[in-house]
Amino acid sequence: MADPPRGAADRLAYLLKFIANGPARFSLGELAERSNLPASSLHRLLQALLRAGLVERGAGQEYRPGRELHRLASQLIASFDLTRSARPLLERLVEDWHETAVLCAYSPTLRKAHIVEVVMTPHPLRYSVDKGGEIALAWGSLGRAILAFLPPSEIEAVIRGPTVGPLTGSPRLPRPELFAELAKVRTNGHSRYYSPKIEIAGIAAPVLGHGAEILGCIGVTMPSNRYQLHRADNLAVAIQDSASELSGLAAIAYS
């Protein structure tokens, strides 16, 4: 488990994530074990959350997420929920093209992207895709659909990271080739990936918010032996259209 942050404000935000993603009820000891925070520090932070209504007392020594936390979450969801808005678009892609469709969300703070929604193909032969999985930004169609639209400084920070692909074990493309590939993604409006070695292929397009800020991507993944069937059809156009529709909704919501 990673070490928790040191500052009080950072620890409070860190703790809220554990509470939001954890069980409906928890004890001080259980939360201390999960968060790797000392019980004394945790007790002080919980008192602040209790005063704000973000955490409430349960039965005995238990705590639970507070009604104020639920209210704030509901307000955000009511204004715009990227995942909920993307779901019908992903379902339409699967219905029309019979391949697995996914939504990835990008966190600029962490410089990481994760799969947040999946609609699986009806094909019995399919590549397993799990919600919550992290996407390597310098590899694959999903990662590069996001990486290509990051500011130059963030692209530099990403490519200073891991140099070996998590799935293939292959080294990252040399800088000139990678930058040429990212330029092609920006020009075409989508990225493609084809690897018979690990039997996976994909096509993805960026989801942009207000001011062309990258929010994530919509993509379709498939076994590599079916990729050739889609090279000459309009699957890439359909993915771009879905990503563009979601981008329009996000731009309005975040303006």
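As a reminder, the structure under discussion sits directly above these lines.
Worth saying up front: this structure is predicted, and the values here are computed from it rather than measured. (Residues numbered from 1 in each chain as written. Predicted model: local features only at pLDDT ≥ 70, side-chain atom pairs only at ≥ 80, totals over all residues. Heavy atoms only, no water.)

### Quick notes on the packing of helix α6 (residues 140-147) against helix α8 (residues 175-188)
Phase 1: One way to put it is that α6 packs onto α8 with a least axis distance of 9 Å and a crossing angle of 80°. Taken together, α6 and α8 sit at an angle that is classed as roughly perpendicular. Each of R144, A145 and L147 in α6 lies in contact with α8, whose residues at this interface are L178, E181, L182 and V185.
Phase 2: Taken together, the residues of the contact of α6 with α8 break down into five nonpolar, no polar and two charged. (Axes fitted to C-alpha atoms, helices over the stretch in contact; angles between N-to-C directions. Helix = DSSP H or I, 4+ residues; strand = E, 2+ residues; numbered from the N terminus. Parallel < 35°, antiparallel > 145°, perpendicular 65-115°, else oblique. Contact = heavy atoms within 4.5 Å. Nonpolar A, V, L, I, M, F, W, Y, C, P; charged D, E, K, R; others polar.)

### With respect to α8
Phase 1: Counted at 1.5 Å a residue, the expected span for α8 with its 14 residues is 20 Å, and the 20 Å between its end C-alpha atoms agrees.
Phase 2: Among all positions in α8, only L178, E181, L182 and V185 are buried. The buried side chains of α8 occupy one side of the element, clustering within an arc of 100° when seen end-on. Opposite the buried face of α8, at more than 90 degrees from it, the exposed residues are P176 and T187.
Phase 3: Where the residues of α8 are buried, they touch α6, α7 (152-159) and β7 (191-195). (Expected span 1.5 Å × (residues − 1). Buried < 20%, exposed > 50% of the residue type's maximum accessible area, 1.4 Å probe, protein only. Arc of directions from axis to C-beta.)

### A short note on the nonpolar core
Soluble globular proteins tend to pack their nonpolar side chains together in the buried interior.
Phase 1: The biggest cluster of nonpolar side chains holds 26 residues, and the ones touching the most others in it are C104, L137, I146, L147 and L150.
Phase 2: Breaking this core down by element, the ones donating at least two residues are β4 (100-107), β5 (112-119), α6, α7, α8 and β9 (214-222).
Phase 3: The residues contacting L150, other than those within four sequence positions of it, are Y106, L137, I155, V158 and I214.
Phase 4: Among the nonpolar cores identified, the runner-up in size contains 25 residues, and L93, I203, A205 and V207 belong to it. (Core = buried A, V, L, I, M, F, W, Y, C linked by side-chain atoms within 4.5 Å.)

### Here we look at the sheet that holds strand β2 (residues 55-57)
Phase 1: Overall, antiparallel pairing links the three strands, which are arranged β1-β3-β2 in an open sheet. On the outer flanks of this sheet lie β1 (26-27) and β2, each paired with one strand and no other.
Phase 2: Of the strand pairs in this sheet, β1 and strand β3 (residues 62-65) are connected by two bridges, and their pairing is antiparallel. Within β3, the residue paired with F26 across the bridge is Y63. (Pairing = 2+ DSSP bridges.)

### Here we look at unusual backbone geometry
Phase 1: Although it is not a glycine, N36 sits at a positive phi angle of roughly 65°.
Phase 2: Here N36 lies in the loop between α2 (28-35) and α3 (39-52).
Phase 3: Among the residues examined, N36 registers a relative accessible area of 35% and is labelled partly exposed.
Phase 4: The phi dihedral of A212 is positive, around 60°, even though this residue is not glycine.
Phase 5: You can see A212 is positioned in the loop between β8 (200-208) and β9.

Nothing here speaks to function; it is geometry throughout.
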